Amino acid sequence: MPAASTTLRMLAVSVIASLTVTGCQTFEDAGVALERSELVNDLATRLDRALELTYSADYQLPGGQSAAIVQAQDPARSSYTYPGGRLTVTPEAVTRCTGTGPRTECTLVAPPTPAGKPTVSLFTEANQQGLATPPVVVGLLTAAALDPQAVIKQTDTTVAGRHATCVEVQRSDGDFTACVTTEGVLGSFTGPVDGKPMELALSHYSETVPQDAFDPPAGANVVDRRPGGA
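Residues numbered from 1 in each chain as written. Predicted model: local features only at pLDDT ≥ 70, side-chain atom pairs only at ≥ 80, totals over all residues. Heavy atoms only, no water.

A. Main features of the overall build of the protein. Scanning the protein from terminus to terminus reveals four helices and 12 strands. Burial statistics for the protein: of 230 residues in total, 43% are counted as buried. Pairs at least 24 apart in sequence give 51% of the contacts found in the protein among residues at least 6 apart. Split by element, the accessible area of the protein, about 11,700 Å² in all, is 53% carbon and sulfur. (Helix = DSSP H or I, 4+ residues; strand = E, 2+ residues; numbered from the N terminus. Buried < 20%, exposed > 50% of the residue type's maximum accessible area, 1.4 Å probe, protein only. Contact = heavy atoms within 4.5 Å. Areas by Shrake-Rupley, 256 points an atom, 1.4 Å probe, with all protein chains shown as cover.)

B. Representation of the pairing of strand S2 (residues 66-72) within the structure. Taking burial as the measure, the seven residues of S2 include six buried ones, the bulk of the element. Relative to S2, strand S1 (residues 55-60) runs antiparallel, the two being bridged by six bridges. Bridged to Ala-57 within S2 is Ile-69. What sits between the antiparallel neighbours S1 and S2 is a turn of five residues, in which Gly-63 has the positive phi angle 75 degrees. Relative to strand S3 (residues 77-82), S2 runs antiparallel, the two sharing five bridges. Residue pairing in the sheet places Ile-69 in a bridge with Tyr-80 of S3. (Pairing = 2+ DSSP bridges.)

C. Region of interest: the state of the cysteines. In total, this model carries two disulfides according to the counting rule given. Between the sulfur atoms of Cys-97 and its disulfide partner Cys-106 the distance amounts to 2.1 Å. An S-S torsion of about 110 degrees defines the bridge between Cys-97 and Cys-106 as right-handed. Here Cys-97 matches Cys-106 in class, with each residue buried. Bridging Cys-166 to Cys-179, the disulfide has an S-S length of 2.0 Å. Judged by the sign of its S-S torsion, about 105 degrees, the bond between Cys-166 and Cys-179 is right-handed. (Disulfide = S-S within 2.5 Å.)

D. Broad picture of the nonpolar core. Of all hydrophobic cores here, the largest spans 44 residues; its most connected members are Tyr-55, Tyr-59, Leu-87, Leu-131, Val-137, Phe-189 and Leu-200. Looking at this core, the element that brings in the most residues is helix H4 (residues 134-145), giving six residues. (Core = buried A, V, L, I, M, F, W, Y, C linked by side-chain atoms within 4.5 Å.)

E. Local environment of unusual backbone geometry. Cis geometry is adopted by the peptide bond preceding Pro-75, which originates at Asp-74 and carries an omega value of 5 degrees. On the secondary structure map, Pro-75 appears in the loop between S2 and S3. The phi dihedral of Asp-74 is positive, around 55 degrees, even though this residue is not glycine. Take Asp-74: it is sitting in the loop between S2 and S3. Although it is not a glycine, Ala-160 sits at a positive phi angle of roughly 50 degrees.

This is the structure in C-alpha cells:
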C-alpha cells in the first residue's frame, strides 16, 4: 500500500479522536462534531481507497496550465505532474524533476520505508505549483472539522463525467471547496493553500496508465543520490 495511505488514515483518526474526547460539549455541539468527523472520515476513506487503484487523472489549472496524478499497483507507484516539475514515488526511489524538455533535471533519493512515517512534505513542491494533492485536501478538512466556527455544506455534482461529492467550507483562515468522485479521486479544489490561491478541476479520468508514467522524462539529466547510487 502506498505510504501516503497511512497518512490519510492517521489524519482521519486524529480528527475523530479530537472531536470525541472533549468533555464539555453540549448534545448539540456533540452532534455537530460527529457530523464533521463523519464527513472527514468519509472523504478520507474515499481518498485513501483511491491510493489502492490504478488510474490516470488529468487536471485543468488556471491560465491554460495542466497537472496530472497517475497511480499503479503491484508494486504501488504514483506520479504527480505539475507546471515545471514532477514527483514520482516508487519502491525504488523518490524522483523529483524540475524544468521541461532537454533542461529537465531529475534527482533520485531513497524511497520511504514501508514502516516509516510518510510526510506530507513530500508533496510541498506540487502544492506550491498549483496541484493540491489528496493529503493536503484531507488536512484542510481536518482543520475545518476542528474549527467550531467553520460552516460546512455538502453538495453533489459531476466532474469530467464522474459523480462527485463536494464540500463547501467557510472559515476565517479561508474558504474552500473540494469535490471527491465516487471512486475517491480528487475531482476539483478551489481555495487557498498556505496563503496561495489554488484552483484545479478534473478534465479526464482513465483506469489505465501510460507505460512510461513512472520513468524520468526522456533526455532528462538524472542524478542518483540514493545510498550506493551512481
